Each structure stands twice: as C-alpha cells, then as structure tokens.
Amino acid sequence: MSDQPVKPTGPQDEPPYKKWSTIVGAIGAVAAALVAVHTLTGWNPLKDMTSSKGSATTTARVPVVNEADALTRDTYTKQPTWTRTTPPTTTTTRQRPDFTVVTVEWNGNCDRSYGCPMKAIFRNDGGWGTATATFDVMHNDDPNHYAARCNTVIPSVENGSVTAAGCTANSPWLQDYLRAHRGGSLPFTFKVYVTA
C-alpha cells in the first residue's frame, strides 16, 4: 500500500456546470409544481407577488376553433367546467313527385283477348320519384262505373319534365262486350288517375 493520503471526493470537487444544472433543475421542478397546482385547483400562489393592489382581474378566453364544437370555460369557479354547444340542426324534407296528366290517347285498337291499350303523357310538377297511374275504361252508357282497369308506374323525371306511361286494360266483361260487338267504333272513353 502506498503511504500517500487518500483524497476525499465530494461536492466541492464537482465541476461548476454540474452545480448549475442541479440548481436549474430544482427551479424547473418548483415551477412545474406551481403550474400543476394552478391547473388542477385554479389557485395561483404567485398571484399576490405579481399583482399590485387595485388592479383589475382579467380572464383568459378559450379560443373557438370550430363553431360546431365551441367550448366555453367558466373561469370563476375553482373547478373548471366545460359546456359543449352545438348549432341547431336543419332538416330538409324531400319534395314528393306531383304528376299532372297532359294528354291521353288510345294506344292501338281494342282486342277481344288482350283488352284496350291506353297511354298518357305526364308532367312532373314536384320532386324526384315515381307515382302510379290508373287507367279506367268507361262505357259511355254508364260513365260512373269502369268496364276495365289497369295500373302502371310513371317513371321518375325531374321537376318540369314530361314522361309517358301506359297499360292495357282488360276484364271478362270487356272481353264479352268486344266479342258481341265486332268492328266499328266502340262507345268507350277512359279516365286516368295519378296516385302516389
């Protein structure tokens, strides 16, 4: 072993930058603790040191990022409270189709086996969509009762546009009448009704 004394090591032997880093770290820890206390409780221990007597109290406003998700903060309570405000919702109701009969006509000759073909031109004065057209064949001697009936779907068209639809009406009574009265003109008219 050597006879030289052992030199003790300690804080006095550390380089100066290590001492300063310890001091700066301690100050940072205290500042972080103060910020945490203020954030969690709303209490500001430095308030009395930084404000002078008679100064006005200011409140910070939370910036609004989006109107739909606007948040407001109540700054006068110890616990922060958040309220979500949402804008009123608007609903758009879809307009239904509204078909009007423009013209009607026979779509060929009446046949004993198949009945009487008819067609009509319809104008849509409403929204997009389909409707049902009912064609009634009426005997001129009894216009309050139909001799035959058929239904068809009116195709979808835009508002203000026209479209055609038709069908062939048939019934046992109409077939018997056409067999009994061959050739010539028939005493029939027809009506068209539009339903949704």
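Residues numbered from 1 in each chain as written. Predicted model: local features only at pLDDT ≥ 70, side-chain atom pairs only at ≥ 80, totals over all residues. Heavy atoms only, no water.

**Things to note about the confidence of the model for the protein**
So, step 1. On average, residues of the protein carry a pLDDT of 76, and 66% of them reach 70 or more.
So, step 2. Within the protein, strand S7 (residues 162-169) carries the highest mean pLDDT (96), whereas strand S1 (residues 70-73) carries the lowest (46). (pLDDT = per-residue confidence, 0-100. Helix = DSSP H or I, 4+ residues; strand = E, 2+ residues; numbered from the N terminus.)

**Comments concerning the state of the cysteines**
So, step 1. The final tally for this structure, using the stated rule, is two disulfides.
So, step 2. There is a disulfide in this structure between Cys110 and Cys116, and the S-S distance comes to 2.0 Å. Measuring the twist about the S-S bond at about 120°, one finds the Cys110-Cys116 disulfide to be right-handed.
So, step 3. Residue classification places Cys110 among the partly exposed positions, given a relative accessible area of 26%.
So, step 4. We classify Cys116 as buried; its relative accessible area is 0%.
So, step 5. In this model, Cys150 is linked to Cys167 through a disulfide, with the two sulfur atoms separated by 1.9 Å. (Disulfide = S-S within 2.5 Å. Buried < 20%, exposed > 50% of the residue type's maximum accessible area, 1.4 Å probe, protein only.)

**Examining the packing of aromatic side chains**
So, step 1. Evaluation of the coordinates by the stated rule reveals five aromatic pairs.
So, step 2. For the pair Trp106 and Phe190, a centre-to-centre distance of 4.9 Å together with 70° between the ring planes defines the contact as edge-to-face. Note that Trp106 is positioned in strand S3 (residues 99-106) and Phe190 in strand S8 (residues 188-195), a separation of 84 residues in sequence.
So, step 3. Trp106 gets classed as partly exposed once you look at its relative accessible area, which sits at 33%.
So, step 4. Under the relative-accessibility criterion, Phe190 is labelled buried at 14%. (Phe/Tyr/Trp six-rings, centres within 6.5 Å; stacked < 30°, edge-to-face > 60°.)

**Notes on the sheet that holds strand S5 (residues 131-139)**
So, step 1. In spatial order, the strands read S6-S5-S8; together these three strands make up an open sheet with antiparallel pairing. Strands with a single pairing partner mark the edges of an open sheet, and in this sheet they are strand S6 (142-154) and S8. Geometrically, the sheet is characterised by an average inter-axis angle of 25° between neighbouring strands, direction not taken into account.
So, step 2. By the bridge criterion, nine bridges tie S5 to S6 in an arrangement that is antiparallel. Considered in S6, the bridge of Ala131 is made with Ile154. (Pairing = 2+ DSSP bridges. Axes fitted to C-alpha atoms, helices over the stretch in contact; angles between N-to-C directions.)

**A few points about the side chain of His139**
So, step 1. Along the polypeptide, His139 turns up in strand S5.
So, step 2. Within polar-contact distance, the side chain of His139 engages the backbone nitrogen of Asp141 at 2.9 Å.
So, step 3. Separated by 3.5 Å, the side chains of His139 and Tyr177 make a polar contact.
So, step 4. Beyond its immediate stretch of four places on either side in the chain, His139 contacts His145, Trp173, Tyr177, Pro187 and Phe188. (Polar contact = N/O pair within 3.5 Å; in protein donor to acceptor, adjacent residues only side chain to side chain. Contact = heavy atoms within 4.5 Å.)

**Comments concerning the nonpolar core**
So, step 1. In this structure, Met118, Phe122, Phe135, Val137, Ile154 and Val192 are the most contacted members of the largest nonpolar core, which totals 23 residues.
So, step 2. Contributing elements (two or more residues each) for this core: strand S4 (116-124), S5, S6, S7, helix H3 (172-180) and S8.
So, step 3. Sequence-distant contacts of Val137, defined by excluding residues within four places in its chain, comprise Trp106, Cys116, Met118, Tyr146, Ala147, Ala148, Ala169, Phe188, Thr189 and Phe190. (Core = buried A, V, L, I, M, F, W, Y, C linked by side-chain atoms within 4.5 Å.)

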